[in-house]
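# Examining the three-dimensional arrangement
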Amino acid sequence: MTLIDLANPSKFLSLTARVLPWLAAATAIVLAIGLYQSAAAPDDYQQGATVKIMFIHVPNAWLSMLVWGVMSLAALGTLVWRHPLADVAAKAAAPIGAAFTFLALVTGALWGRPMWGTYWEWDARLTSVLILFLMYLGLIALWRAVEDPSRAARAGAVLTLVGAINLPIIKFSVDWWNTLHQPASVMRLGGPTLDRAFLVPLLVMAAAFSLLFVTLLLAAMRNEILRRRLRSLQMMQARAFSSEVDTGSHEGNAPKPKFGAA
Amino acid sequence: MTVLAALIRRDIRIAVRVGGGALIGVLFFLTVVVLMPFAVGPDLALLTRLGPAILWLGALLASLLTLDRLFTADHEDGSLDLIVMSRTPLELACATKALAHWIAAGLPLIGATPVLGLLLNLDTRSTAAVALTLLAGTPALTFTGMIGAALAVTLHRGGLLLAVLVLPLSIPVLIFGVAASQAAIAGQSFGAPFSILCAVSLVSFVIGPFAAAACLRHGLD
């Protein structure tokens, strides 16, 4: 089973139909474990119970960048290999990524209010994540502005790759600019500085959110493939109808007006 | 080289003639800056403090307004297809077109800055700082905006979609442009934000032509 075998949408549909229930079940189980562990995690000695926002905020923030990374790979798939499912994946991933980014911003604001005393601060990381959110919205707007999916796919792929420049800026913004947002404490050289009591639930939650993303992405890709089939069926039907009307009026027994070119 | 020089000469000549619209940008810049005192009130001290930000915002919006013209007219009369099919690498042709566009539409904005600085009660030093940062930063606006212009022309959609796609990419230029001019006015270290601004411009010289050429190559039919 290689990537090229999936190029056949029917094969992809039958495979995902088998895989999706298992993925959904795994997501639910891991999410339940993660939520239980987050609830059972001790309060922070400085932050109190608000530290638990971290278990939602950090996975969302990671996913917001991971989704753009996946979309960049899909964009390469569109431009370089012309893989037929790559643009489906890119289109389906954009709203999911926008949702993760939005949740990261909202939970961050809710966490910032008790900790920093403000919902919003124009700090480097917050600003760069906000730009990421705007780019997600721009990409969705681009997909919605163009009727022809393959044309929109290539334009969107170029934009996705240009936007990928933002990812390292987000990742390293807390190291380059010494601002309000704290520097990385999990994915850093020399190992995480987070205590095990917080680290384990956080990683479980991150795994749960990643599973959630894969599940949602596959489901959205199925919907997109079915939607495109529906569109081409409708177009075929419209074409058949117009040619029927056309020939009818040529024979002179149909009083309907002529559509299309005679 | 002669091909590219001819392309520059042609684009500038078209831009400054009737229907070219290069000077519309300056007029728009002037109007935006004149509108600001009506919005924030004719408080000269406040205008002095906001001056660099107003000038930068006006220049950003003005360069966005003229971006639509970068490829649209050539696409309509078919010369864009000739450029795509010619033996000159499309990336170089795109870079040349962006350079010509910047000379025709970007440089007049910088020329207008001293006059507008007077309206905003900026002293000579502040105006010079803003003009210098605009000189370093507006090429980045043109070269990143070119990606949006290429997308818009291949999708047959201009206007708002172009603005939505280009504005997020131009935020870094705005941040460091305003930061550098504020630093120069306040007498703080001017070098750091200004070098980053120049770096952003240089990066856009590399990314912009390649991305725009990829758009045109994949998108035109």
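Residues numbered from 1 in each chain as written. Chains lettered and ligands numbered in written order. Predicted model: local features only at pLDDT ≥ 70, side-chain atom pairs only at ≥ 80, totals over all residues.

## Here's the deal with the overall build of chain B
Broken down by element type, chain B carries nine helices and zero strands. Tracing chain B from N to C terminus, the helices and strands come up as α-α-α-α-α-α-α-α-α. In terms of overall size, chain B behaves like a compact globule, its C-alpha atoms giving a radius of gyration of 18 Å where 221 residues would be expected to give roughly 17 Å. With the C-alpha coordinates aligned to their principal axes, the bounding extent of chain B is approximately 55 × 35 × 30 Å. (Helix = DSSP H or I, 4+ residues; strand = E, 2+ residues; numbered from the N terminus. Rg over C-alpha atoms; globule rule 2.2 N^0.38 Å.)

## Overview of the overall build of chain A
When helices and strands are counted, chain A shows seven helices and zero strands. Its helices and strands in sequence order give chain A the pattern α-α-α-α-α-α-α, from N to C terminus. Burial analysis of chain A (262 residues in total) assigns 31% to the buried set. Intrachain contacts of chain A at a sequence separation of at least 6 include 74% that bridge at least 24 residues. (Buried ≥ 20, exposed ≤ 12 C-beta atoms within 10 Å, placed from the backbone. Contact = placed C-beta atoms within 7 Å.)

## Some details on the interface of chain A and chain B
Residue-level contacts link 15 residues of chain A with 16 residues of chain B. If you list the elements that add at least two residues to the side of chain A that touches chain B, you get helix H4 (124–145) and helix H5 (149–163) of chain A. If one sorts the elements of the side of chain A that touches chain B by residue count, H4 of chain A sits on top with seven residues. Residue composition of the side of chain A that touches chain B, grouped by class: twelve nonpolar, one polar and two charged. (Nonpolar A, V, L, I, M, F, W, Y, C, P; charged D, E, K, R; others polar.)

## Overview of helix H9 (residues 191–219) of chain B
An ideal rise of 1.5 Å per residue puts 42 Å on 29 residues; H9 of chain B measures up with 41 Å between its terminal C-alpha atoms. At Ser204 of chain B, H9 of chain B is bent by approximately 30 degrees, the largest bend along its length. (Expected span 1.5 Å × (residues − 1). Bend = angle between axes of the 7 residues up to and from the residue.)

## Focus: helix H8 (residues 160–186) of chain B
End to end, H8 of chain B covers 36 Å across 27 residues, agreeing with the expected 39 Å (1.5 Å per residue, within 8%). Bending of H8 of chain B peaks at approximately 40 degrees at the position of Ser170 of chain B, with proline Pro172 of chain B no more than four residues after it.

## Quick word on the environment of Ser201 of chain B
Examined against the element boundaries, Ser201 of chain B turns out to sit in helix H9. When near neighbours in sequence (up to four residues on either side) are disregarded, Ser201 of chain B contacts Ala136, Gly137, Pro139 and Ala140 of chain B.

## Side note on the environment of Gly148 of chain B
Residue and element names in this part refer to chain B. For Gly148, the location among the structural elements is in helix H7 (residues 124–155). Residue Gly148 is classed as buried on the basis of its C-beta count, with 31 C-beta atoms lying within 10 Å. With 16 residues separating them in the primary sequence, Gly148 and Val164 have C-alpha atoms 9.0 Å apart. Leaving out residues up to four positions away in the same chain, Gly148 has contacts with Leu67, Leu162, Leu165 and Val166.

## Things to note about the packing of helix H6 (residues 90–119) of chain B against H7 of chain B
Residues and elements named next belong to chain B. Contact geometry of H6 with H7 gives a least axis separation of 9 Å together with a crossing angle of 155 degrees. Classified by the interaxial angle, the pair formed by H6 and H7 is roughly antiparallel. Classified by chirality, the crossing of H7 by H6 is right-handed. Residues Cys94, Ala98, His101, Trp102, Gly106, Leu109, Ile110, Thr113, Pro114 and Gly117 of H6 lie in contact with H7, whose contacting residues are Ser126, Thr127, Val130, Ala131, Leu134, Leu135, Thr138, Pro139, Thr142, Phe143 and Met146. (Axes fitted to C-alpha atoms, helices over the stretch in contact; angles between N-to-C directions. Parallel < 35°, antiparallel > 145°, perpendicular 65-115°, else oblique. Left-handed = near helix turned anticlockwise from the far one by under 90°.)

## Points about the packing of helix H3 (residues 44–67) of chain B against H8 of chain B
Residue and element names in this part refer to chain B. It is at 9 Å that the axes of H3 and H8 come closest, and there the two elements cross at 150 degrees. By the angle between their directions, the pair H3 and H8 is classed as roughly antiparallel. Our pair here, H3 against H8, has a crossing hand that is right-handed. Contacts between H3 and H8 involve Pro52, Ala53, Trp56, Leu60, Leu64 and Leu67 from the first element and Leu162, Ala163, Val166, Ser170, Leu174, Gly177, Val178, Ser181, Gln182 and Ile185 from the second.

## Here's the deal with the nonpolar core
By size, the foremost hydrophobic cluster in this structure holds 121 residues, and its most contacted members are Ala89, Ala90 and Ala93 of chain A together with Ala150, Leu151 and Cys215 of chain B. No other element matches H7 of chain B, which puts 15 residues into this core. Other than its neighbours up to four places away in sequence, Cys215 of chain B contacts Ala155 and Val158 of chain A together with Ile147, Ala150, Leu151 and Thr154 of chain B. (Core = buried A, V, L, I, M, F, W, Y, C linked by C-beta atoms within 7 Å.)

## A word on the environment of Gly156 of chain A
All names here are of chain A. Checked against the element boundaries, Gly156 lands in helix H5. Note on Gly156: 27 C-beta atoms within 10 Å, which makes it buried. For Gly156 and Leu142, which are 14 residues apart along the polypeptide, the C-alpha to C-alpha distance reads 7.0 Å. Gly156 has contacts with Ala90, Leu139, Leu142 and Trp143, leaving out every residue within four places of it along the chain.

## Observations regarding unusual backbone geometry
Positive phi is not limited to glycine here, since Arg82 of chain A has a value of about 50 degrees. Topologically, Arg82 of chain A is positioned in the loop between helix H2 (54–81) and helix H3 (86–116). On the basis of neighbour count, Arg82 of chain A is assigned to the partly exposed category, with 13 C-beta atoms found within 10 Å. Of note in this structure, Asn121 of chain B is not a glycine but carries a positive phi near 65 degrees. Along the chain, Asn121 of chain B turns up in the loop between H6 and H7.

## Focus: the confidence of the model for chain A
Residue and element names in this part refer to chain A. The predicted model of chain A averages 82 in pLDDT, with 85% of residues at 70 or higher. At the level of individual helices and strands, chain A shows its lowest average pLDDT in helix H6 (residues 166–176), which scores 76, and its highest in H2, which scores 90. Contacts of residues 254–262 to residues separated by more than four positions or lying in other chains number 13 contacts, the stretch itself having pLDDT below 50. (pLDDT = per-residue confidence, 0-100.)

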